[in-house]
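# Remarks on the overall topology
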Amino acid sequence: MQQETFCASLWWNIFYKEFPSLGKKPCCNWEGPSVGKDPNNKDVNELLNDPDMVRYREMSLNGEWPAPCIRCKVRQDQGLKSYRQTENKKLGVTSVEQLQNAKPEVRTIDYRPSNLCNLKCRMCNPAESSQLLTEMKENKELQEHFSSPPLKTDKIYELADDFEYNTLNTSVASHEVFSTLEELKIFGGEPSIDASVHNLIEWAIDNGYSKKLRFRYTTNATNTNRKWMDYHKHFKNYNISFSLDAANDTFEYIRTPANWKKVKSCVLDYIQMRNSNPNWRRDKLWLSANIVYSLWSCFTITDWHDELIGLLEDNRVDYNLAISFRDNQAVNLLPQKFKDIILEDVDKLPDGKFKTSVIQLTNKPTPDDWKQQINRFFEFSLKYDKIRNTSIFNLSPVYQDLYNYVRKDQ
């Protein structure tokens, strides 16, 4: 049976990032270069009519996978839900026929104006965090751990240093783009502190577009000032996703220099904002959380589970537990004896979504190069610890045991 490949993102979505090397793409899962012959061309609609995009659409209708769609192909080959399937469901596309005569137009824009951020999270990278970029510039020994282009060159320094964060991007904030737009997605960096994001939102509000738009963004939940929170009442509805990987000491170790108590207070502010609308379910005002399950959080689950999962479940905030997508950080790298330590701890937790997800993600097969990757994990972590005056060994004694175990034959 031939695998379905038709994808609504190729017709209606735009991923737009200011860095020319990342540029304009059909979606955030695109594993290929920016589409368009001229990377300096800022016209959003130019992407939809580019010859390569026309070819990719034809391939998807004919049951072929465009090479840059490899992420979705691999996930579907593994029997997992792909971003392609998620977007098709969201947009109501269930068959090839619906797209054969569909008009390519911008319905969703995934706008990522800069890497401006107030945190330097360990699983992140300098292209997504200005704080990490500054840290990497000051500590060149970190560069080798960020191998994806353009991070091995000085180009990203130039882009970040030259970017005018208070500038309104008139190519994105255009009446032509917003005339067909249904969803405005904002990512960063941290959107709530980026002046260019504020300018775009205010432009949408002032021009009457916000009232027909779904406002969707991911935030580190460090900022709930009145100006930012007031924006939400102008939109048709919203979908806010919190990046929360743990709680208490583990959270603060991963998400430097965030303070858990302050972040928890901000999450509660968002919950109060949602709950102030008695029809929040009918009006589709959604809150959710992304929890990255990584080697930095796996041995302290019982220290933070009740605090984080209790906060979310008690307040009807949905959450998704995902394994780290970066090399050297995934929990399934562990040899079985250390997986058993996690599973024994998790067995003490109440049955439910979180427990099931941890068990499934922990039990993924251990790769042949696990020792090499875990050594790289410790090499990376200890460099950060030295720079930040922290210690992974203070989180749990299991980290010292694991460190000794992977180095015992060296």
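So, here is what we can say about the structure in this document. (Residues numbered from 1 in each chain as written. Predicted model: local features only at pLDDT ≥ 70, side-chain atom pairs only at ≥ 80, totals over all residues. Heavy atoms only, no water.)

## Describing the pairing of strand β5 (residues 183-186)
Filter applied, for reference: Residue burial is assigned from relative accessible area. The probe radius is 1.4 Å, only protein chains are included, and a residue is buried under 20% of its type maximum, exposed over 50%, and partly exposed in between. To qualify as a helix, a DSSP run of H or I must reach at least 4 residues; to qualify as a strand, a run of E must reach at least 2; elements of each kind are numbered from the N terminus. Pairing between two strands is assigned when DSSP locates at least 2 bridges connecting them. The definition of a right-handed crossover adopted here requires that, viewed with the strands pointing away, the path from the first strand over the helix to the second runs clockwise.
Because side chains alternate across β5, one face comprises the buried residues Glu 183 and Lys 185, and the other comprises Leu 184 and Ile 186, equally buried. Taken together, the four bridges between strand β3 (residues 108-112) and β5 define a ladder with parallel strand orientation. Bridged to Asp 110 within β5 is Lys 185. Viewed along the sheet, the connection from β5 through helix α10 (residues 195-206) into strand β6 (residues 214-219) turns out right-handed.

## Some points on the pattern of salt bridges
Side-chain pairs of opposite charge can arise whenever the charged atoms involved come near each other. Applied cut-off: By salt bridge we mean one thing: a side-chain nitrogen of Lys or Arg within 4 Å of a carboxyl oxygen of Asp or Glu.
Counted by the stated rule, this structure contains 24 salt bridges. A salt bridge links Glu 4 to Arg 84; its shortest N-O distance comes to 3.9 Å. Of this pair, Glu 4 sits in the segment before α1 (9-12) while Arg 84 sits in helix α5 (residues 83-90), and the two are 80 residues apart along the sequence. The class of Glu 4 is partly exposed, set by a relative accessible area of 43%. On the accessibility criterion, Arg 84 (4% relative accessible area) is buried. Note that Asp 77 is salt-bridged to Lys 73, the shortest N-O span being 3.0 Å. Here Lys 73 and Asp 77 lie together in helix α4 (residues 70-77), a separation of four residues that amounts to about one turn. Look at Lys 73 and you get partly exposed, because its relative accessible area is 28%. Among the charged side chains, a network of salt bridges with common partners joins Glu 87, Lys 90, Glu 183, Arg 214 and Arg 216.

## Regarding the side chain of His 232
For clarity, the cut-off: Polar contact is defined as a pair of N or O atoms within 3.5 Å, subject to the rule that within protein one atom must be able to donate a hydrogen and the other to accept it, and that residues adjacent in sequence are counted only when both atoms are side-chain atoms. Contact between two residues is taken to exist if any of their heavy atoms lie within 4.5 Å; hydrogens are not considered.
You can see His 232 is positioned in the loop between α11 (226-231) and β7 (237-243). At 3.3 Å, the side chain of His 232 and the backbone oxygen of Trp 228 are in polar contact. For His 232, the residues in contact, after removing those within four places along its chain, are Phe 215, Tyr 217, Tyr 238, Ile 240, Tyr 270 and Met 273.

## Observations regarding the nonpolar core
Selection criterion: To form a nonpolar core, buried Ala, Val, Leu, Ile, Met, Phe, Trp, Tyr and Cys residues must be joined to one another through side-chain atoms within 4.5 Å.
The biggest cluster of nonpolar side chains holds 120 residues, and the ones touching the most others in it are Phe 178, Phe 242, Leu 244, Leu 334 and Ile 342. When residues no more than four places from it in sequence are discounted, the contact partners of Ile 342 are Tyr 293, Cys 298, Phe 299, Ile 301, Val 331, Leu 334, Val 358 and Thr 362.

## A look at the pairing of strand β10 (residues 318-323)
Examined bridge by bridge, strand β9 (residues 285-293) and β10 share six bridges and lie parallel to one another. What sits directly across from Val 292, in β10, is Ala 322.

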